[in-house]
Amino acid sequence: MDTSGVDHVRIFDTTLRDGEQAPGCTMTLEEKLEVARQLARLKVDIIEAGFPAASPGDWAAVHEIAREVGTPDGPVIAALARANSGDIDKAWTAIQPAAKKRIHTFMSTSDIHLEHQFRKTREQALVLIRDMVTYARSLCEDVEFSPMDAGRTDPAYLREAVAVAVAAGATTLNIPDTVGYLTPDEYGAMIRDLYENVPGIENCILSTHCHDDLGVAVANSLAGVRNGARQVECTINGIGERAGNASLEEVVMAIHTRGQFYGAQTQIETQELARSSRLVSSFIGVPVPPNKAIVGANAFAHESGIHQDGVLKHRQTYEIMSAETVGLDGNELVLGKHSGRHAFRNKLHAMGIELENEEEFQHIFTRFKELCDRKKRVDDRDIEALVAGERQHTHELYKLEHVQYTSGSGLIPTATIRLIDPDGRVRTDSSQGTGPVDAIYQAINRVVQRPNELIEFAINAITEGLDAVAEVTVRIREQGVPGGNGGART
Ligand code: KIV
Ligand code: ZN
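Here the structure is a predicted model, which is why all the values come from computation and not from measurement.

Reading the values: rules and limits
- Residues numbered from 1 in each chain as written.
- Chains lettered and ligands numbered in written order.
- Predicted model: local features only at pLDDT ≥ 70, side-chain atom pairs only at ≥ 80, totals over all residues.
- Heavy atoms only, no water.
- pLDDT = per-residue confidence, 0-100.
- Helix = DSSP H or I, 4+ residues; strand = E, 2+ residues; numbered from the N terminus.
- Contact = heavy atoms within 4.5 Å.
- Donors = N, O, S within 2.8 Å, 3.2 Å for Na, K, Ca; no water.
- Buried < 20%, exposed > 50% of the residue type's maximum accessible area, 1.4 Å probe, protein only.
- Domains from an automatic or database assignment.
- Buried area = accessible area lost by both parts, 1.4 Å probe.
- Salt bridge = Lys/Arg side-chain N within 4 Å of Asp/Glu carboxyl O.
- Polar contact = N/O pair within 3.5 Å; in protein donor to acceptor, adjacent residues only side chain to side chain.
- Nonpolar A, V, L, I, M, F, W, Y, C, P; charged D, E, K, R; others polar.
- 1 Å grid on protein atoms, 1.4 Å probe; cavity = no way out; pocket = protein on both sides within 12 Å on 5 of 7 lines; lining within 4 Å.
- Points joined across faces, edges and corners; volume = space filled by probe spheres on them.
- Pairing = 2+ DSSP bridges.
- Axes fitted to C-alpha atoms, helices over the stretch in contact; angles between N-to-C directions.
- Near = heavy atom within 4 Å.
- Areas by Shrake-Rupley, 256 points an atom, 1.4 Å probe, with all protein chains shown as cover.

**Regarding the confidence of the model for the protein**
Predicted coordinates in areas of low pLDDT are best not read in detail. Chain-level pLDDT for the protein is 91 on average; 95% of the residues reach the 70-or-more range. Element-level mean pLDDT values for the protein span from 36 in strand 16 (residues 488–489) up to 99 in strand 6 (residues 143–148). Scored below 50 in pLDDT, residues 483–490 makes 21 contacts in the model with residues more than four places away or belonging to other chains.

**Things to note about the coordination of the zinc ion (ligand 2)**
The protein atoms that coordinate the zinc ion (ligand 2) are D18 (OD), H209 (NE2) and H211 (NE2), at distances spanning 2.0 to 2.1 Å. For the zinc ion (ligand 2), all donor residues lie on one chain, and their spacing in sequence is D-x190-H-x1-H. Placement of D18 in helix 1 (residues 15–19) and of H209 in strand 8 (residues 205–210) is noted, with a sequence separation of 191 residues between them. We classify D18 as buried; its relative accessible area is 3%.

**Structural notes on the domain arrangement of the protein**
Domain boundaries assigned for the protein yield domain 1 (7–284), domain 2 (299–328), domain 3 (341–391) and domain 4 (399–489). Computed over C-alpha atoms, the centres of domain 3 and domain 4 are 27 Å apart. Across the boundary between the two partners, domain 3 contributes 8 residues, which contact 6 residues of domain 4. In total, domain 3 and domain 4 occlude about 570 Å² of area from one another, counting both sides; carbon and sulfur atoms represent 54% of this. Contact with domain 4 buries surface across domain 3, with K375, R381 and A385 losing the most and accounting together for 66% of the total. The interface formed by domain 3 and domain 4 contains 0 salt bridges. Linking domain 3 with domain 4 are 0 residue pairs in polar contact (both at pLDDT 80 or more). Looking at the side of domain 3 that touches domain 4, the elements that each hand over two or more residues are helix 15 (358–374) and helix 16 (380–391). In terms of residues, the side of domain 3 that touches domain 4 owes the most to one element, helix 16, which gives 3 residues. For the side of domain 3 that touches domain 4, the residue count by class is 2 nonpolar, no polar and 6 charged.

**A word on the environment of V295**
With respect to the helices, strands and loops of the structure, V295 is situated in the loop between helix 12 (273–284) and helix 13 (305–313). The exposure class assigned to V295 is buried, which follows from its relative accessible area of 9%. As for V295 and G410, which are separated by 115 residues in sequence, their C-alpha atoms are 42 Å apart. With sequence-adjacent residues up to four places away left out, V295 is seen in contact with N237, E249, L273, A274, S277, V288 and L328.

**Thoughts on empty space enclosed by the protein**
Inspection of the entire model under this criterion finds 1 cavity of 30 Å³ or more. Lining the largest cavity we find E34, Q38, R41, R275, L279, F283, I353, E384, V387, A388 and R391. Elements represented by at least two residues in the lining of the largest cavity include exactly helix 2 (29–42), helix 12 and helix 16. In terms of residue count, the dominant contributor to the lining of the largest cavity is helix 16 (4 residues). Split into classes, the residues belonging to the lining of the largest cavity amount to 5 nonpolar, 1 polar and 5 charged. Shared between two domains, the lining of the largest cavity holds at least three residues of each, these being domain 1 (7–284) and domain 3 (341–391).

**Examining the side chain of T266**
Among the secondary structure elements, T266 is positioned in the loop between strand 10 (264–265) and helix 12. A residue is classified by how much of its surface remains accessible, and T266, at 18% relative accessible area, is buried. Within polar-contact distance, the side chain of T266 engages the backbone nitrogen of I268 at 3.3 Å. Those residues in contact with T266 that sit more than four places away from it in its chain are H8, V9, I11, V252 and I255.

**Section: the sheet that holds strand 3 (residues 46–50)**
Taking strand neighbours around the barrel as the criterion, the 8 strands line up as 2-3-4-5-6-7-8-9 in a closed arrangement whose pairing is parallel. Here the strands of the sheet are splayed against their neighbours by 25° on average, with no regard to which way each runs. Bridge analysis of strand 6 against strand 7 (residues 172–177) gives 2 bridges, and the strand direction is parallel. From the neighbouring strand, F145 faces strand 7, where its bridge partner is L173. Strands in contact with helix 3 (residues 56–69) are strand 3 and strand 4 (76–82); relative to strand 3, the strand with the most contacts, it is inclined by about 150°.

**A short note on unusual backbone geometry**
Even without glycine at this site, D149 takes up a positive phi of about 60°. By relative accessible area, D149 is classed as buried at 0%. At Q449, a position not held by glycine, the phi torsion is positive, near 60°. With respect to the helices, strands and loops of the structure, Q449 is situated in the loop between helix 17 (436–448) and strand 14 (452–461). On the basis of relative accessible area, Q449 is assigned to the exposed category, the value being 62%.

**Description of the site of ligand 1**
Inspection of the region around ligand 1 gives R17, D18, H104, F106, S146, M148, N174, P176, T178, H209 and H211 as its neighbouring residues. D18 is positioned with one of its side-chain polar atoms (N or O) 3.1 Å from an oxygen atom of ligand 1. With respect to ligand 1, the side chain of T178 contributes an N or O atom lying 2.6 Å from an oxygen atom. Across the complex, the protein chains shield 95% of the 260 Å² of accessible surface that ligand 1 would expose by itself. Put simply, the parts of the chain that give the shell around ligand 1 at least two residues each are helix 1, strand 5 (101–108), strand 6 and strand 7. Considering only residue class, the shell around ligand 1 consists of 3 nonpolar, 6 polar and 2 charged.

In C-alpha cells:
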C-alpha cells in the first residue's frame, strides 16, 4: 500500500471492557489475559482492559494486564472510570504497573440522560466534567474523556462539554454514539463540527465510539475517520452492549484496503485478525457467523461458477483482499504424530504462544499427540483449541467418570452418569430428558442438587472434515439467580 500522505489512526480495543460487559460475554481473568496478549500481538495501540470500579475481579484483571502486557514497547493500557474521584482512583491504581497508562473517564451529556438518569442540570454536568478531568489529569498525563450519548446531545452543548474537557487537560476526546442512533452522514458531521469549532482540539485526538443498533457502527466509525477522527474504539468480532460495537477487523481492513480514500492507516498486524477473532469467540462461546465480513468462514469462499472461473483466472476479479492478509489460511502445521517435543515447542513459539511452565507444556504435548492419532491434518486452529482448552482453569469440584445414554427414534432419551464428588465418593444416577444431552444434564443435576436450566448447547467444528476438532458451548442458568443471561457460564 502506498502510504504517502496518510495519517496514523489509533486502534483502541475495548473488547475487554465494552465487549466483555455484554450479556453472555464474560471472561475469566486468565481468559482476559490471554486476549490481552493476543491484542498486543495484533499491535492495537490501546487496550481498554476493564472498568476497575465495577468489582474487585475487574480491578485485578486490569492490574494483571497492565503488569504483563503493558510493557514499554506494548500498547497503552486504559481503564474506564465514571466521573467521580473514587472510580478514577481505582482506575489509576489498577493501571499502575503499565509503562503507558491512560485514564478514560466519562459523563453523559444528552438531556435525556442528564434529566432521567443523573438528575443533573447541564451546568452541573459541566462542573463535574471540569473537576474530574482535572483530577484525572493530576494523576495521569494521558486522559480520555467521553461525553456519553454524544449522538443525542444538543450540538451546541456538546461543543461546550468537549471544550471544558479539553481546557481541563483531556488529551483524547471520544465521541460515543452510545445507542447507535446516528447515520454515517450525521456522525461524520458531528466529528467535523467538533474538529472545526472546539478551541484547543487541534492538540488532542478525536476518537469514534459507535454502537451497532442500526447496523452502521463500522460505517459511522469510518465516517468519523473521514472527518478527522484519529482513534477508533472497536471490539473483536464487534461484541459489545446490545447489538455490539464497531468490529475491529472490519474497521481495520476497510482502512487497510482503502487507505488512500480514508487518508489513513493503522499499525495493525492484519495477519493476526483471524486468530484474534477465533480466540475471543472460543472464550465467550459465541461463534462467528459464516458470512461475517473479514473473519467469517465464507468471507473468502467463492461458490458461484462465474466467480470461481474469474478467481481461477485472476484472483482480483472477485477479491479485494486476500485470505492470507487476515490470517485465514497458510497455517497448516507441518508436524505430525512423529514430531518430537522440540519441533512442537518451536511451533508454539512461532505462533507466539507462551506457556506458563513445563507442566502445561507436557499436558498440551500429550493432547497434541492424541490428536495426531485421530486427525490427518493438524493446523494452527487445532493447536489454538488445545491451548485454549488447557487454559480454561476451571476449578473441578466433581469429576465425571462415566456417561452412558440411549437415544433413537421411538426411544425415550435416558442417561446414566457416574461422578466422583468433592469428598471422593462415587455417585451414580440416571434420568430421562428431551434428548441425550438434556438427559445427561438432568442426571448430573440429580447428584449435584444445584437447580439450573440449560439455556444453550452448541457444537461448532473448529476445522473442516469428518475428523474435525469441535468446540462445545454449554450455558446453564442457575435457578433463582436474577439477571437473565448474567447467571450463565460457558
Ligand atoms: O457507549 C458508550 O457511551 C460507552 C462510554 C462509556 C464510552 O461505552
Ligand atoms: Zn460503548
